[in-house]
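If you want the building blocks of each chain, they are given just below.
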Amino acid sequence: MPSDNEEIQRLRKTIEQLSDQLIRSKEQEERTLSAFSDMNNELVTLQRQLSKNNAGLESARQKAVASDESKSAFMAVISHDFRTPLNGILGMAELLALSPLSEEQKDSVIVIQEAAKLLLKLIQDLLDFSKLEAGQLRLEQGEVKLQEIMDYILRLLKPQIDKKRNRMIMDCDPEVAAVLEGDSTRITQILINLIQNANKFTTDGSVKVEVKLVRQQARTQLVRFEVHDRGIGISEEDQISLFEPYMQTEQGRSKEYEGTGLGLSICKSLVQLMDGEIGIRSKEGEGSTFWFELELGLHLVESKESAQLTVADETSDLANDAKNDVGDATKNSSKDAPEQDARTLPILLADDNVINRQLVQLQLKKLGFTKLECVSSGEEAVNAFRDKTYSLILMDSMMPVMDGIEATRQIRAIEQDEMRPSTPIIAMTGNVMQSEKDKCYEAGMNDFIGKPFTLEVLDTTIRKWHSASKPVQILNMDVVREIAELNTDGSQTLLSMLLEMYRAETPGKIEDLRRHVVSADHKAAAETAHDLKSGSLSLGISYLSTLFSQIEKYAKQELTHQAEPLLDKLLPAYQAACGALQQANKS
């Protein structure tokens, strides 16, 4: 029995130990679950905090984007609002300088021009600095022809150099490639800034520009630009902070050397934007040397295949030009052509600034363009275009009611709907930022003139687009020649017989078409327009056929109301076609 009691005691003890282990295990499990719960709560808290932070970051990002957009809009308005009155001042001063003046009056005009140009330079520096600060200035990679840049700068700055009785010396290392890859505009801007700076602090001396090859690699050249002057020099103390914004030496702040103190800061920012270096060597009383180094790409030469393709294309173009000579002669033969020669039509100017309208009117008169019509908003420009044909449109991009960009879009839509030939539209605005230029071109403008502008710039641009204007193609001379070769046995040619039949039937059909369109009889209008189109095409009548084709298209879409503006074009186009065919038959 004692052994049984002992066994029972051992079992009891074992059970107690197991129970104790189970209790401790349970307690451990509860502690683990509690710790896990705490960790889970912390994780949820962290997730909530992360979501809150993400929301804050997104809000901050949106605010930053909105801030950048506000800065861009502000700079655009400032640029436009400053440049527009400056255009009036400089433009009127230029016209005044071209009129008979006494010596005293000429001196006064020169003072006005120089003061206005200085103000323009200050405004440009401030805008460039703002764009650099906002990170909105973008490089435009392209060909860099250093010799052309040097020649341009020499011509541009010669009057300033001569005024200070200085000599300008240009020296370009022959080892530097003739054509490189980089941002030609910004390189030119840096050089002009440094040369103007050197000239400003030098009198009766010289300004020397050197371009040197530092290192040649397989695809790039490291080029060093140096601008030397024999001016007043800069102390070592001032050199330390010379490239900081608004920094000027004590002498530089004097009235004799006017400026914002932004020029060198802008140069440094542009050089750094191109991954280059800029610096200075100077000694007071002995002059200064400003330098910068840029890694520029080597311009790859086109392959022989490309060159051959270019030659072949040019040969083809010449052949096509020769082939079209006869057609061009016939196109221009009729006095009743539906589209007049561009040079005989008025120019439309859309600008909300009355001073600029007066100025452009005087400038165009000086250049020999006497037919000008003016409006003060984009909406007025669109309405004027609906009612009249213009040789060219000068369009301010920033105007009340409707801006020039939206007006251009609507004018291009009208041309497409009414099958009109394209009218050159030239932007003429004080907002010269690249983003504004892109908007103008995307809307359908052909060219861009930034205010203020000179008579020469206005003249060159207008004549460029006047010379590019071509009359519409009245006849397809290939078809006309094919008909002319199929002569009948009688004395009357086949062409003259077909022309008589066309003249007998077409006016009545045009009147029927007009009636169907006005009464919105879509089916009858489509059938009549198709019949007239087919008859016209069979005779090689090109422009009139396109009008009938467009009316047919509208009628099939049950949009005859959109065809109504085309109706007034039909009779003049018909008369022009008949006149051109008559002339072709004689020749």
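In this text the structure is predicted, and so the values were computed from the model without any measurement.

Quick word on the overall build of the protein chain
Okay, so step 1: For the protein chain, the helix and strand inventory stands at 17 helices and 12 strands.
Okay, so step 2: Entry remark: accessible area of the protein chain is about 33200 Å², with carbon and sulfur atoms responsible for 52%.

So, the nonpolar core
Okay, so step 1: Within the largest apolar cluster, 43 residues are counted, with the highest numbers of intra-cluster contacts made by Leu146, Leu191, Phe225 and Phe292.
Okay, so step 2: Of all the secondary-structure elements, those providing two or more residues to this core are α2 (103-134), α3 (146-163), α4 (184-200), β4 (206-216), β5 (220-229), α6 (263-273), β6 (277-283) and β7 (287-298).
Okay, so step 3: Per element, the largest residue contribution to this core is 7 residues, and it comes from α4.
Okay, so step 4: If you look at the next biggest cluster of nonpolar residues, it comprises 36 residues, including Leu495, Ile510, Tyr543 and Ala577.

Details of the packing of α3 against α4
Okay, so step 1: Contact pair α3 / α4: the axes reach a minimum separation of 11 Å and the direction vectors enclose 30°. Between α3 and α4, the angle is such that the two are roughly parallel. α4 is crossed by α3, and the crossing has right-handed handedness. Taking contact as the criterion, the partners of Ile149, Tyr152, Ile153, Leu156, Leu157, Gln160 and Ile161 in α3 are, on α4, Ser184, Thr188, Leu191, Ile192, Ile195, Gln196 and Asn199.

Digging into the pattern of salt bridges
Okay, so step 1: Tallied over the full model, the rule gives 24 salt bridges.
Okay, so step 2: The partner of Arg463 in a salt bridge is Asp459, and the shortest N-O contact between them spans 2.5 Å. With Arg463 and Asp459 both in helix α12 (residues 455-468) and 4 residues apart, this pair spans about one turn of that helix.
Okay, so step 3: Through salt bridges with shared partners, a single network forms among Lys212, Arg224, Glu226, Arg281 and Glu293.

What to know about the confidence of the model for the protein chain
Okay, so step 1: Per-chain confidence: the protein chain averages 80 in pLDDT, with 82% of residues scoring 70 or above.
Okay, so step 2: Under a pLDDT of 50 for its full length, residues 253-257 has, in the predicted model, 6 contacts with residues more than four places off or in other chains.
Okay, so step 3: In this model, residues 302-342 is a region of pLDDT below 50 whose contacts with residues beyond four sequence positions or in other chains number 35 contacts.

Let's talk about the sheet that holds strand β8 (residues 347-350)
Okay, so step 1: Pairing in this open sheet of 5 strands is parallel, and the strands run β9-β8-β10-β11-β12 from one edge to the other. The strands lining the two open edges of the sheet, one partner per strand, are β9 (372-375) and β12 (447-450). Looking at each pair of strands side by side, their axes are set apart by 20° on average, direction ignored.
Okay, so step 2: Most of the contacts of helix α8 (residues 354-366) go to β9, to which it runs at about 170°, and overall it touches β8, β9, β10 (392-395) and β11 (425-429).

Thoughts on the packing of aromatic side chains
Okay, so step 1: Under the criterion given, the structure shown has 2 aromatic pairs.
Okay, so step 2: Ring geometry for Phe225 versus Phe292: centroids 4.6 Å apart, planes at 10°, classification stacked. Here the residue Phe225 occupies a position in strand β5, and Phe292 occupies one in strand β7, the gap between them amounting to 67 residues. No difference in accessibility class separates Phe225 from Phe292, as the two residues are buried.
Okay, so step 3: When the ring of Tyr502 is compared with that of Tyr574, the centres are 6.0 Å apart and the planes differ by 40°; the resulting orientation is tilted. Taken together, the positions of Tyr502 in helix α14 (residues 494-518) and Tyr574 in helix α17 (residues 564-586) put the pair 72 residues apart, joining distant regions of the chain. Accessibility assignment for this pair places Tyr502 and Tyr574 in one class, buried.
Okay, so step 4: A cation sits over an aromatic face here: Arg224 above Trp291, 4.3 Å from the ring centre.

With respect to the packing of α14 against helix α16 (residues 543-556)
Okay, so step 1: Where α14 meets α16, the axes come as close as 13 Å, and the angle between the chain directions of the two elements is 30°. With respect to α16, the element α14 is oriented roughly parallel. The two elements α14 and α16 meet at a crossing, and its hand is left-handed. Residues Tyr502, Ile510, Leu513 and Val517 of α14 pack against Leu544, Phe548 and Ile551 of α16.

As for helix α13 (residues 477-485)
Okay, so step 1: Every buried residue belonging to α13 is among Met477, Val480 and Ile483, and all of these are buried. Summarising the axial view, the buried residues of α13 lie within an arc of 120°, below the 170-degree limit, and thus occupy one face. Set apart from the buried face of α13 by more than 90 degrees, the exposed residues are Glu482 and Glu485.
Okay, so step 2: Among the residues of α13, the N-terminal cap falls to Asn476, whose side-chain oxygen and the backbone nitrogen of Asp478 are separated by 3.2 Å.

Some remarks on the pairing of β8
Okay, so step 1: Here β8 shows two buried faces, one formed by Ile347 and Leu349 and the other by Leu348 and Ala350.
Okay, so step 2: Bridge count for β8 against β9 is 4 bridges, and the pairing is parallel. Across the sheet, the residue bridging to Ala350 is Val375, located in β9.
Okay, so step 3: Since β8 and β9 lie parallel, the crossover through α8 that links them has a hand, and here it is right-handed.
Okay, so step 4: Pairing between β8 and β10: 4 bridges, direction parallel. Residue pairing in the sheet places Leu348 in a bridge with Ile393 of β10.

Quick look at the environment of Arg503
Okay, so step 1: Here Arg503 lies in helix α14.
Okay, so step 2: For the pair Arg503 and Gln575, spaced 72 residues apart in sequence, the C-alpha to C-alpha distance is 9.4 Å.
Okay, so step 3: Not counting chain neighbours up to four residues away, the residues in contact with Arg503 comprise Tyr574, Cys578 and Gln582.
Okay, so step 4: A polar contact is formed between the side chain of Arg503 and the side chain of Gln582, at a distance of 3.4 Å.

Some thoughts on the pairing of β6
Successive side chains on a regular strand alternate, one facing one side of the sheet and the next facing the other.
Okay, so step 1: As paired strands, β6 and β7 are joined by 7 bridges and run antiparallel to one another. In the sheet register, Gly279 faces β7, and the bridge partner there is Trp291.
Okay, so step 2: Here β6 folds back onto β7 in antiparallel fashion, the turn holding 3 residues, of which Gly285 has a positive phi close to 80°.

As for unusual backbone geometry
Okay, so step 1: Note the cis peptide between Lys451 and Pro452, where omega equals -5°.
Okay, so step 2: Phi is positive for Asp204, close to 55°, though the residue is something other than glycine.
Okay, so step 3: Considering the arrangement of structural elements, one finds Asp204 in the loop between α4 and β4.
Okay, so step 4: Although it is not a glycine, Asp275 sits at a positive phi angle of roughly 60°.
Okay, so step 5: Relative to the helices and strands, Asp275 is located in the loop between α6 and β6.

Some words on α16
Okay, so step 1: Between its first and last C-alpha atoms α16 spans 20 Å; for 14 residues at 1.5 Å apiece the expected length is 20 Å, and the two agree.
Okay, so step 2: Along α16, 10 of the 14 residues are buried, which leaves the element largely enclosed by surrounding structure.
Okay, so step 3: What α16 keeps buried is the set Tyr543, Leu544, Ser545, Leu547, Phe548, Gln550, Ile551, Glu552, Tyr554 and Ala555.
Okay, so step 4: As for α16, its buried residues are in contact with α10 (404-417), α14, α15 (522-538) and α17.
Okay, so step 5: Just past α16, the residue Glu558 takes up positive phi, approximately 60°.

Rules behind the numbers
Residues numbered from 1 in each chain as written. Predicted model: local features only at pLDDT ≥ 70, side-chain atom pairs only at ≥ 80, totals over all residues. Heavy atoms only, no water. Helix = DSSP H or I, 4+ residues; strand = E, 2+ residues; numbered from the N terminus. Areas by Shrake-Rupley, 256 points an atom, 1.4 Å probe, with all protein chains shown as cover. Core = buried A, V, L, I, M, F, W, Y, C linked by side-chain atoms within 4.5 Å. Buried < 20%, exposed > 50% of the residue type's maximum accessible area, 1.4 Å probe, protein only. Axes fitted to C-alpha atoms, helices over the stretch in contact; angles between N-to-C directions. Parallel < 35°, antiparallel > 145°, perpendicular 65-115°, else oblique. Left-handed = near helix turned anticlockwise from the far one by under 90°. Contact = heavy atoms within 4.5 Å. Salt bridge = Lys/Arg side-chain N within 4 Å of Asp/Glu carboxyl O. pLDDT = per-residue confidence, 0-100. Pairing = 2+ DSSP bridges. Phe/Tyr/Trp six-rings, centres within 6.5 Å; stacked < 30°, edge-to-face > 60°. Lys NZ or Arg CZ within 6 Å of the ring centre and 35° of its normal. Arc of directions from axis to C-beta. Polar contact = N/O pair within 3.5 Å; in protein donor to acceptor, adjacent residues only side chain to side chain. Right-handed = clockwise from strand over helix to strand, strands pointing away. Expected span 1.5 Å × (residues − 1).

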